[in-house]
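Breakdown of the fold
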Amino acid sequence: MQTILDIQNLKVSFDQVEVIRGVDFNVKKGEIHGILGESGSGKTVTAFSIAKLHENCSYEGDIIYNKESILSMNESKLSTVRGYEIAYIFQNPHESFNPNIRMDKQLKEAMSIHGLQPSREEIIRVLISVGLKTPDLILKKYPDQLSGGECQRVMIGMSLLCEPQIIIADEPTSAIDASIKKQIIDLLKSINKTYGTTIILISHDMDLVQNICDSMSVMYGGLVLEQGTVEKVMEDPIHPYTQALINCTASLNQEYKRLYTLEGLPMSPDYYKNRCPFYERCDKKSEECIDEMPQLITLNGRSYRCKKI
Ligand SMILES: Nc1ncnc2c1ncn2[C@@H]1O[C@H](COP(=O)(O)OP(=O)(O)OP(=O)(O)O)[C@@H](O)[C@H]1O
Ligand SMILES: [Mg+2]
């Protein structure tokens, strides 16, 4: 399968604090790739960097999308990539819309930014395809008059109108009622199947990543500590952090066993400048882990950063 996105040693700094410290991962065309990691590990900053959405930061490394460097693209090329070829679905859909503009106008305005003028029929057809049963009514409403689930479906519909190559969904169900979560995830799965759209799904939820993704990256402290197919990573996790995450989840399914907890909290990015970010919490650590950042090791289609393996 062709690689659609190749992130190479990506570093992102805000005010000289490096929060993304050398992220590497690649995504194949048509697959669902999960990015898993604790709060603050750098998932959203990485996701925003893919279409170079951050302002006032410095980027190093490279992001290769369909063989072109996003970090070297000029603004006009970037504006076709952003939202059009690479679409985003955010955590809180209400915040992504202007509360003072009715949905029909809002949708048309968003499309015109990309030079698109979909007819009302096209918009309605797409809204029906994302499971909205009364699209005419939805289009007349203001964002605040829609439920979280409806709003997220409109957002997904909007991205489909642009026929994107990649959809980046950053915790798309975390602000939505539990009963609607499964429907939104099923919708993303069906978009992937029907249109072959590559999906990058950011989540804290190991079960979700295991159930719907083909491949995954595990992030911690602004680095990807492990990447591989979901099958291989879940069956045989290499990195001590991935092992700990899987242990926390596995014990939820076992009766009469004390729940495993990973002690401690992630440290702030300026604390662990030249050491493995997981050092403090790792039960396999030794002196050599303090000296330098663990290098990326790639073996049989998997990659990881750990000196102890
Ligand atoms: N605009 C910014 N300026 C400075 N630092 C930032 C900025 N955005 C994020 N950070 C820092 O970058 C680090 C990673 O943040 P990020 O939002 O990517 O985490 P996350 O993995 O998405 O967490 P969560 O699961 O809570 O959404 C954090 O230490 C955060 O404080
Ligand atoms: Mg986030």
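Since this is a predicted model, take the numbers as computed values, not measurements.

Quick notes on the pattern of salt bridges
- Counting across every chain of the model gives 12 salt bridges.
- A salt bridge links Glu75 to Arg82; the shortest N-O distance between them is 3.5 Å.
- Note that Glu226 and Arg302 form a salt bridge whose closest N and O atoms lie 2.6 Å from each other. Taken together, the positions of Glu226 in strand β10 (residues 223-229) and Arg302 in strand β12 (residues 302-304) put the pair 76 residues apart, joining distant regions of the chain.

Digging into unusual backbone geometry
- With a phi close to 50°, Lys52 is a non-glycine residue in the positive phi region.
- Of note, Lys52 is situated in the loop between α1 (43-50) and β4 (58-65).
- The exposure class of Lys52 is partly exposed, given its relative accessible area of 22%.
- Despite not being glycine, Asn66 has its phi angle at roughly 45°, a positive value.

Focus on the site of ligand 1
- In the region of ligand 1, the neighbouring residues are Phe14, Val19, Glu38, Ser39, Gly40, Ser41, Gly42, Lys43, Thr44, Val45, Glu171 and His204.
- Ser41 has a polar backbone atom sitting 3.2 Å from an oxygen atom of ligand 1.
- Note that an oxygen atom of ligand 1 is positioned 2.8 Å from one of the side-chain N or O atoms of Thr44.
- Burial of ligand 1 by the protein chains amounts to 61% of its free accessible area of 640 Å².
- The greatest single-element share of the shell around ligand 1, amounting to 3 residues, is contributed by α1.

Things to note about empty space enclosed by the protein
- Inspection of the entire model under this criterion finds 2 cavities of 30 Å³ or more.
- Forming the walls of the largest cavity are His239, Cys276, Phe278, Tyr279, Cys282, Lys285, Cys289, Pro294, Arg305, Cys306, Lys307 and Lys308.
- Considered class by class, the residues forming the lining of the largest cavity number 7 nonpolar, 1 polar and 4 charged.

Here we look at the nonpolar core
- Core analysis: the biggest nonpolar cluster contains 57 residues, and Val154, Ile156, Met216, Tyr241 and Phe278 have the highest contact counts within it.
- Top element by residues in this core is helix α6 (residues 148-161). It accounts for 7 residues.
- Residue-level mapping places this core at the junction of two domains, with at least three residues from each of domain 1 (3-85 + 164-259) and domain 2 (95-163).
- Excluding anything up to four places from it in sequence, Phe278 contacts Tyr220, Leu225, His239, Pro240, Tyr241 and Leu262.
- Judged by nonpolar contacts, the second largest core, of 31 residues, contains Val23, Ile63, Leu71 and Val224.

Basis of the calculations
- Residues numbered from 1 in each chain as written.
- Chains lettered and ligands numbered in written order.
- Predicted model: local features only at pLDDT ≥ 70, side-chain atom pairs only at ≥ 80, totals over all residues.
- Heavy atoms only, no water.
- Salt bridge = Lys/Arg side-chain N within 4 Å of Asp/Glu carboxyl O.
- Helix = DSSP H or I, 4+ residues; strand = E, 2+ residues; numbered from the N terminus.
- Buried < 20%, exposed > 50% of the residue type's maximum accessible area, 1.4 Å probe, protein only.
- Near = heavy atom within 4 Å.
- Polar contact = N/O pair within 3.5 Å; in protein donor to acceptor, adjacent residues only side chain to side chain.
- Areas by Shrake-Rupley, 256 points an atom, 1.4 Å probe, with all protein chains shown as cover.
- 1 Å grid on protein atoms, 1.4 Å probe; cavity = no way out; pocket = protein on both sides within 12 Å on 5 of 7 lines; lining within 4 Å.
- Points joined across faces, edges and corners; volume = space filled by probe spheres on them.
- Nonpolar A, V, L, I, M, F, W, Y, C, P; charged D, E, K, R; others polar.
- Core = buried A, V, L, I, M, F, W, Y, C linked by side-chain atoms within 4.5 Å.
- Domains from an automatic or database assignment.
- Contact = heavy atoms within 4.5 Å.

From the geometry alone we can't say anything about function, so treat these as descriptive.
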